[in-house]
Amino acid sequence: MNNEYYQTIFKRKSFHLFRNVGDEKITAEELSGIEKAFASFERLYPDIRTAIRIVPSAQVSVKRDSEYCILIYSEKKPNYLMNAGYIGEQLDLYLVKNNIGSLWYGIGRPDEAVYDGLSYVIMFAVHKVSDESLYRKDMFKAKRKALSDIWSGDTLGIADIVRFTPSACNSQPWTVKNDGGSLTVTRYRKQSGIGLMSPRMAFYFNRIDIGIFLCILEICMAEKNITAERELYTDETDREYSPVAKYTEKVDFSDGRQLDITVTGTFGCGHSDGTVNLGQQE
């Protein structure tokens, strides 16, 4: 993962309504650009087939004054929801970078539950934004858990950015432990559900959320030139705490150095030779 979208993290926000975003429309060229970008995004699991469909909002059950909905589809394999969240957040940030307002829309109903043999996962409601001032002006005013509630150990200069990762109903179902040699990410599931979401729905959306979190985490690591070998754990059991990923660096995380090391391993980030550099800069 590179840091191409790092600055966009500060700007993004969820557009729950699109009534005041202006009259400018998403062009055919921009729609084509979204499809091409999606094909280029990094995957946690390149062997899990995914696809998107872009349809007019009137074609699906969305009442947010959006122009289009982008529907994400995936093979149902272990960790497919986490994979979809990881890819989807890259799409979210791509849209922001191109002044297209977006909303992760978990309660929308697709017009097609299956597409090209793939199952529907989640959708974005989108609309062109004419005025950039409508985006978030101060990310740090957003309501999030205290840093001490989600992160233990050295923050690496990234934790206070990573904690603003978006999640369903702002549930923030993640914890990170830095033990001085590795970062371990765990998904926490509130057994009683979240707000109006049943425990079953929360379990579904929280696994998407964890993929979103890993995407933001890795972008922030890239910004700080922190490189590490990533190990993913299967997160399919309905339990309260589930380890989902571990990032192990070549040296002690706590020594404060910024690294630019290329590590060869089983990251699965879209490089055919398995080589990944989380510190890549452009």
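In this text the structure is predicted, and so the values were computed from the model without any measurement.

Trainee: Summarise the overall build of the chain; cite the residues concerned and give the values.
Mentor: For the chain, the count of helices and strands is 6 helices and 12 strands. The burial tally for the chain puts 55% of its 282 residues in the buried class. Considering only contacts within the chain whose residues lie at least 6 apart along the sequence, 72% involve residues at least 24 apart. Total accessible area on the chain stands at roughly 12700 Å², and carbon and sulfur atoms take up 47% of it.

Trainee: Break down the pairing of strand β10 (residues 241–248) for me, with residues and values.
Mentor: Pairing geometry for strand β8 (residues 182–188) and β10, over 7 bridges, is antiparallel. Across the sheet, R187 pairs through a bridge with S242, a residue of β10. Here 4 bridges tie strand β9 (residues 229–232) to β10, and the two strands are oriented antiparallel to one another. When the sheet's bridge partners are listed, R230 is paired in β10 with Y247.

Trainee: Can you lay out the nonpolar core for me, pointing to particular residues and giving the numbers?
Mentor: One finds I9, I34, I70, V185, L214, L217 and Y247 to be the most contacted residues of the largest nonpolar core, which totals 67 residues. A per-element tally of this core places helix α6 (residues 199–223) first, with 13 residues. Not counting residues up to four positions away in its chain, the partners in contact with V185 are T175, V176, F213, L214, L217, S242, P243, V244, A245 and Y247.

Trainee: So what about the packing of helix α3 (residues 80–97) against α6? Which residues, and what values?
Mentor: At a minimum axis separation of 7 Å, α3 and α6 run at an interaxial angle of 50°. On the basis of the axis angle, α3 is oblique to α6. In terms of crossing hand, the pair formed by α3 and α6 is right-handed. Here α3 contributes Y80, L81, M82, G85, Y86, E89, Q90 and L93 to the contact with α6, which in turn contributes Y204, R207, I208, I210, G211, I212, L214, C215, I216, E218 and I219. Each residue belonging to the contact of α3 with α6 can be placed in one class, and the counts come to 13 nonpolar, 3 polar and 3 charged.

Trainee: An account of the sheet that holds strand β6 (residues 151–152) is needed here, citing residue identities and associated values.
Mentor: Backbone-to-backbone hydrogen bonds pair the strands of a sheet. The strands run either parallel or antiparallel. Pairing in this open sheet of 5 strands is mixed, and the strands run β6-β7-β8-β10-β9 from one edge to the other. At either margin of the open sheet sits one strand with a lone partner, and together these are β6 and β9. With respect to the sheet, α6 is in contact with β6, β7 (174–178), β8, β9 and β10, its orientation differing from that of β8 by roughly 155°.

Trainee: Which residues make up the pattern of salt bridges, and what are the values?
Mentor: Scanning the entire structure with this criterion turns up 12 salt bridges. Between R187 and D235 there is a salt bridge, and its shortest N-O distance comes to 2.7 Å. Of this pair, R187 sits in strand β8 while D235 sits in the loop between β9 and β10, and the two are 48 residues apart along the sequence. Overall, the relative accessible area of 0% leaves R187 in the buried class. A salt bridge links E236 to R207; its shortest N-O distance comes to 3.0 Å. Here the residue E236 occupies a position in the loop between β9 and β10, and R207 occupies one in helix α6, the gap between them amounting to 29 residues. One salt-bridge network, held together by shared partners, links R53, D111 and E112.

Trainee: Tell me what's going on with unusual backbone geometry, and back it up with residues and numbers.
Mentor: A positive phi angle is found at N99, which is not glycine, with a value near 55°. Mapped onto the elements, N99 comes out in the loop between α3 and β3 (100–105). Notably, Q172 is not glycine yet its phi reads approximately 50°, a positive angle. Mapped onto the elements of the fold, Q172 is located in the loop between α5 (159–162) and β7.

Trainee: Help me get a handle on the packing of helix α2 (residues 28–40) against α3, residues and values and all.
Mentor: Contact pair α2 / α3: the axes reach a minimum separation of 10 Å and the direction vectors enclose 145°. The chirality of how α2 crosses α3 is right-handed. Where α2 abuts α3, its residues G33, I34, A37 and F38 lie against I87, L91, Y94 and L95. Tallied by class, the residues present in the contact of α2 with α3 amount to 7 nonpolar, 1 polar and no charged.

Trainee: Any details on the pairing of β3? Residues and values, ideally.
Mentor: Among the 6 residues that make up β3, 6 are buried, leaving the element largely enclosed by the rest of the structure. Burial of β3 is two-sided: the residues I100, S102 and W104 facing one way and the residues G101, L103 and Y105 facing the other way are all buried.

Trainee: Could you give an account of the environment of E30, naming the residues involved and the relevant values?
Mentor: Note that E30 resides in helix α2. Residue E30 is classed as partly exposed on the basis of its relative accessible area of 22%. Once residues lying within four places of it in the same chain are set aside, the contact partners of E30 are K25, N98 and K128.

Rules and cut-offs
- Residues numbered from 1 in each chain as written.
- Predicted model: local features only at pLDDT ≥ 70, side-chain atom pairs only at ≥ 80, totals over all residues.
- Heavy atoms only, no water.
- Helix = DSSP H or I, 4+ residues; strand = E, 2+ residues; numbered from the N terminus.
- Buried < 20%, exposed > 50% of the residue type's maximum accessible area, 1.4 Å probe, protein only.
- Contact = heavy atoms within 4.5 Å.
- Areas by Shrake-Rupley, 256 points an atom, 1.4 Å probe, with all protein chains shown as cover.
- Pairing = 2+ DSSP bridges.
- Core = buried A, V, L, I, M, F, W, Y, C linked by side-chain atoms within 4.5 Å.
- Axes fitted to C-alpha atoms, helices over the stretch in contact; angles between N-to-C directions.
- Parallel < 35°, antiparallel > 145°, perpendicular 65-115°, else oblique.
- Left-handed = near helix turned anticlockwise from the far one by under 90°.
- Nonpolar A, V, L, I, M, F, W, Y, C, P; charged D, E, K, R; others polar.
- Salt bridge = Lys/Arg side-chain N within 4 Å of Asp/Glu carboxyl O.

Shape is all these values report; function is a separate question.
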